[in-house]
Amino acid sequence: TSPFAWLRTRFYYLLIRLYFDQEFSIEEFTRGAKQAFSVVSKLLSQCKLDLLDQLVSAEVLQVLKEKIALLPDNHRDALAADIDAIMYTTEGDVRIYYDDDGMKFVSILMRFWYLNGANLPDEVPGETKVFQIVFGDESTKEKRHLLTANYEFQREFTEGAKPDWTITRIEHPRLLE
């Protein structure tokens, strides 16, 4: 991340605390986002989309229903991220905006890198290398892939709105396209 982008996101966090939620903490948000990512990714891999109603926006859920049905089993298995297998998390873009009706929103894009033992080919279509990590010695080696995912979380801050974050974008590059 560039110093300008880092400074910009910190400024947005300050604005969130000043104008929307005095208790907002990016550390606490990141912990909750990791937990949500783990739960949602596991439900996606198990095709339990009906359990995502309150967590994922209706528009994203509709797209997911179409995409998940077409995925091969190994790609579906690779969507699941155990919370202990999340190696790195970082926030991406942060946006504060108002719609035409005066409703206030905050969106935070989170990027996750996680290990998964799904049986994926060494080369994923599109000529992009999937990173692999081998654990153990030659006789007991276990191959894991280091995969990425982007989840965008949105919350409405209009007075009277429920204080819930909703996932408005789910991307698992080269798996869920």
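Just so it is clear, the structure is predicted and the values come from calculations on it, not from any experiment. (Residues numbered from 1 in each chain as written. Predicted model: local features only at pLDDT ≥ 70, side-chain atom pairs only at ≥ 80, totals over all residues. Heavy atoms only, no water.)

A. Local environment of the overall build of the protein chain. From N to C terminus, the protein chain includes four helices and seven strands. For the protein chain, the succession of helices and strands along the chain, N to C, is α-α-α-α-β-β-β-β-β-β-β. In the protein chain, which comprises 177 residues, the share counted as buried stands at 39%. Considering only intrachain contacts with a sequence separation of at least 6, the fraction spanning at least 24 residues in the protein chain is 65%. Surface exposure of the protein chain reaches about 10600 Å², of which carbon and sulfur atoms provide 51%. (Helix = DSSP H or I, 4+ residues; strand = E, 2+ residues; numbered from the N terminus. Buried < 20%, exposed > 50% of the residue type's maximum accessible area, 1.4 Å probe, protein only. Contact = heavy atoms within 4.5 Å. Areas by Shrake-Rupley, 256 points an atom, 1.4 Å probe, with all protein chains shown as cover.)

B. Representation of the pattern of salt bridges in the model. Following the criterion strictly, the structure yields eight salt bridges and no others. A salt bridge links Arg-155 to Asp-21, with the shortest nitrogen-to-oxygen separation between them at 3.5 Å. Of this pair, Arg-155 sits in strand 6 (residues 142-156) while Asp-21 sits in the loop between helix 1 (3-19) and helix 2 (26-45), and the two are 134 residues apart along the sequence. Across the pair, Asp-21 and Arg-155 agree in class, each one buried. Among the ionic pairs, Glu-152 bridges to Arg-95, the shortest N-O distance being 3.4 Å. Placement of the pair is Glu-152 in strand 6 and Arg-95 in strand 1 (residues 86-98), with a sequence separation of 57 residues. A residue is classified by how much of its surface remains accessible, and Arg-95, at 35% relative accessible area, is partly exposed. Each of Arg-95, Glu-152, Arg-169 and Glu-171 takes part in a single network of salt bridges with overlapping partners. (Salt bridge = Lys/Arg side-chain N within 4 Å of Asp/Glu carboxyl O.)

C. Focus on the confidence of the model for the protein chain. For the protein chain, per-residue confidence averages 88 on the pLDDT scale, and 88% of positions sit at 70 or higher. Across the protein chain, element-level confidence peaks in strand 7 (residues 165-171) with a mean pLDDT of 97 and bottoms out in strand 4 (residues 128-129) with 44. Below a pLDDT of 50 lies the segment residues 125-129, which in the model reaches four contacts outside its immediate sequence neighbourhood of four places, other chains included. (pLDDT = per-residue confidence, 0-100.)

D. Just the pairing of strand 1, in detail. Summarising the sheet, strand 1 and strand 2 (residues 104-116) pair through 10 bridges and their orientation is antiparallel. Its bridge partner lying in strand 2, Tyr-97 is registered against Phe-105. Connecting the antiparallel pair strand 1 and strand 2 is a turn made up of five residues, with Gly-102 showing a positive phi of about 85°. (Pairing = 2+ DSSP bridges.)

E. View of the packing of aromatic side chains. All told, the structure shown has 13 aromatic pairs when counted by the stated rule. A ring pair is formed by Phe-37 and Tyr-151, whose centres lie 4.9 Å apart and whose planes are at 85°; its orientation type is edge-to-face. A residue pair is termed long-range when its members are at least 10 positions apart, and Phe-37 in helix 2 and Tyr-151 in strand 6 qualify at 114 residues. Looking at Phe-37, the relative accessible area reads 0%, which means it is buried. A centroid spacing of 5.4 Å and a plane angle of 20° characterise the contact between Tyr-97 and Phe-105, whose relative ring orientation is stacked. (Phe/Tyr/Trp six-rings, centres within 6.5 Å; stacked < 30°, edge-to-face > 60°.)

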